[in-house]
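A structural walkthrough
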Amino acid sequence: MSAVLELSNLVKRFGGLTATDHVSLTVGAGELHALIGPNGAGKSTLINQICGELTPNSGSIRLAGHEIMGLSAADRVGLGLGRTFQITSLLEDWSVRRNLGLAVQAREGGNFRIFDRVMQRRAIWDEVEALLAGTPLAERADQRVADLAHGEKKQLELLMAMAMRPRILLLDEPMAGLGHVESQMMIEALRAAKGQTPMLLVEHDMEAVFALADRISVLVYGRVIASGSVEEIRANPEVREAYLGEEDA
Ligand code: ADP
Ligand code: MG
């Protein structure tokens, strides 16, 4: 089986609190795996262990078959673990396109296999167009970043992360702080990105999760209580009681 990311029995304790309690899950090639659960369930704690900001008490994290538990966050990025860029790393006076071009170029560094400079440029701009294709940001590609709305910057962050061609992308609540229309646009951007890169998506917005996920895992008090397709999770009585029910309250 070719799991891109494989978590086994991850335990993280904060004093007496077990924030992730023997969490096991996998993200397969081409899969968008959504992680949902109420506030305080341990979702961010889990993401932070994967990217290396927190050290688990026990368990294992394998990226493309390699154990990455002991590695620094930077080394994990080097092995293909992708996260969204901070908005602050965008060049405000440059256009959306140029920011993306810079990210593609930075990824290649001196390693471009094309030696002709004109061809190199064309390869970069072709890739930028491919990243933008099908996203609401495509229409805004010539705008300066400074002139973008907040939601558009969040879309650009996603595309900047995609430009690094990660093996897997970790997204912790990309819709947070967005209004309804901006969330819809982010869903479109994620839909366009989906399939190019496997993703582990933590998201509170159930509309987004149900629209995008191939598989959903539900975390409650640090434990995965269910894992399955959108239909299976929607129909699961334990999930409805523990989580979805709260939406009706
Ligand atoms: P979620 O992202 O699902 O809302 P978190 O992972 O942020 O949940 O938090 C899970 C639990 O761990 C919560 O009870 C939270 O208060 C606790 N927690 C998170 N980070 C820390 C920390 N650095 N120190 C102590 N407790 C923490
Ligand atoms: Mg969180």
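Owing to the predicted nature of the structure, the values given are computational and were not obtained by experimental measurement. (Residues numbered from 1 in each chain as written. Chains lettered and ligands numbered in written order. Predicted model: local features only at pLDDT ≥ 70, side-chain atom pairs only at ≥ 80, totals over all residues. Heavy atoms only, no water.)

Topic: the sheet that holds strand E9 (residues 215-220)
Strands sit in the order E6-E7-E8-E3-E9-E10 across an open sheet of 6 strands; the sheet is mixed. Single-partner strands in this sheet number two, and they are strand E6 (81-83) and strand E10 (223-228). Between one strand axis and the next, the sheet turns by 20° as a mean value, whatever way the strands run. For E9 and E10, the ladder comprises 5 bridges, and the chain directions are antiparallel. Bridge pairing in E10 places Val218 opposite Ala226. (Pairing = 2+ DSSP bridges. Helix = DSSP H or I, 4+ residues; strand = E, 2+ residues; numbered from the N terminus. Axes fitted to C-alpha atoms, helices over the stretch in contact; angles between N-to-C directions.)

As for the site of ligand 1
Lining the immediate environment of ligand 1, one finds Phe14, Leu17, Ala19, Pro38, Asn39, Gly40, Ala41, Gly42, Lys43, Ser44 and Thr45. In the environment of ligand 1, an oxygen atom lies 2.6 Å from a nitrogen or oxygen atom belonging to the side chain of Thr45. If ligand 1 stood free it would expose 560 Å²; the protein chains cover 57% of that surface. Of all the secondary structure elements, the ones that give two or more residues to the shell around ligand 1 are strand E2 (17-28) and helix H1 (43-51). Looking at the shell around ligand 1, the element that brings in the most residues is H1, giving 3 residues. (Near = heavy atom within 4 Å. Polar contact = N/O pair within 3.5 Å; in protein donor to acceptor, adjacent residues only side chain to side chain. Areas by Shrake-Rupley, 256 points an atom, 1.4 Å probe, with all protein chains shown as cover.)

As for helix H5 (residues 150-163)
End to end, H5 covers 20 Å across 14 residues, agreeing with the expected 20 Å (1.5 Å per residue, within 8%). A large share of H5 lies buried, amounting to 13 of its 14 residues. Looking one or two places after H5, you find Arg165, whose phi comes out positive at around 50°. (Expected span 1.5 Å × (residues − 1). Buried < 20%, exposed > 50% of the residue type's maximum accessible area, 1.4 Å probe, protein only.)

What about the packing of H5 against helix H6 (residues 180-193)?
Where H5 contacts H6, the axes come no closer than 9 Å and their chain directions differ by 15°. The orientation of H5 with respect to H6, classified from their angle, is roughly parallel. By crossing handedness, the relation of H5 to H6 is classed as right-handed. On H6, the residues that touch His150, Gly151, Lys154, Gln155, Leu158 and Met162 of H5 are Glu182, Met185, Met186, Ala189, Leu190 and Ala193. Considering only residue class, the contact of H5 with H6 consists of 7 nonpolar, 3 polar and 2 charged. (Parallel < 35°, antiparallel > 145°, perpendicular 65-115°, else oblique. Left-handed = near helix turned anticlockwise from the far one by under 90°. Contact = heavy atoms within 4.5 Å. Nonpolar A, V, L, I, M, F, W, Y, C, P; charged D, E, K, R; others polar.)

Brief notes about the pattern of salt bridges
Evaluation of the coordinates by the stated rule reveals 14 salt bridges. Residue Glu92 is joined to Lys153 by a salt bridge in which the shortest nitrogen-to-oxygen separation is 3.4 Å. Residue Glu92 is found in the loop between E6 and helix H3 (96-108), and its partner Lys153 is found in helix H5; the two are separated by 61 residues along the sequence. Looking at Glu92, the relative accessible area reads 32%, which means it is partly exposed. Measuring nitrogen to oxygen at the nearest pair gives 3.2 Å for the salt bridge that ties Arg165 to Glu127. One end of the pair, Arg165, is in the loop between H5 and strand E7 (168-172); the other, Glu127, is in helix H4 (residues 117-132), and 38 residues separate them in sequence. Under the relative-accessibility criterion, Glu127 is labelled buried at 16%. (Salt bridge = Lys/Arg side-chain N within 4 Å of Asp/Glu carboxyl O.)

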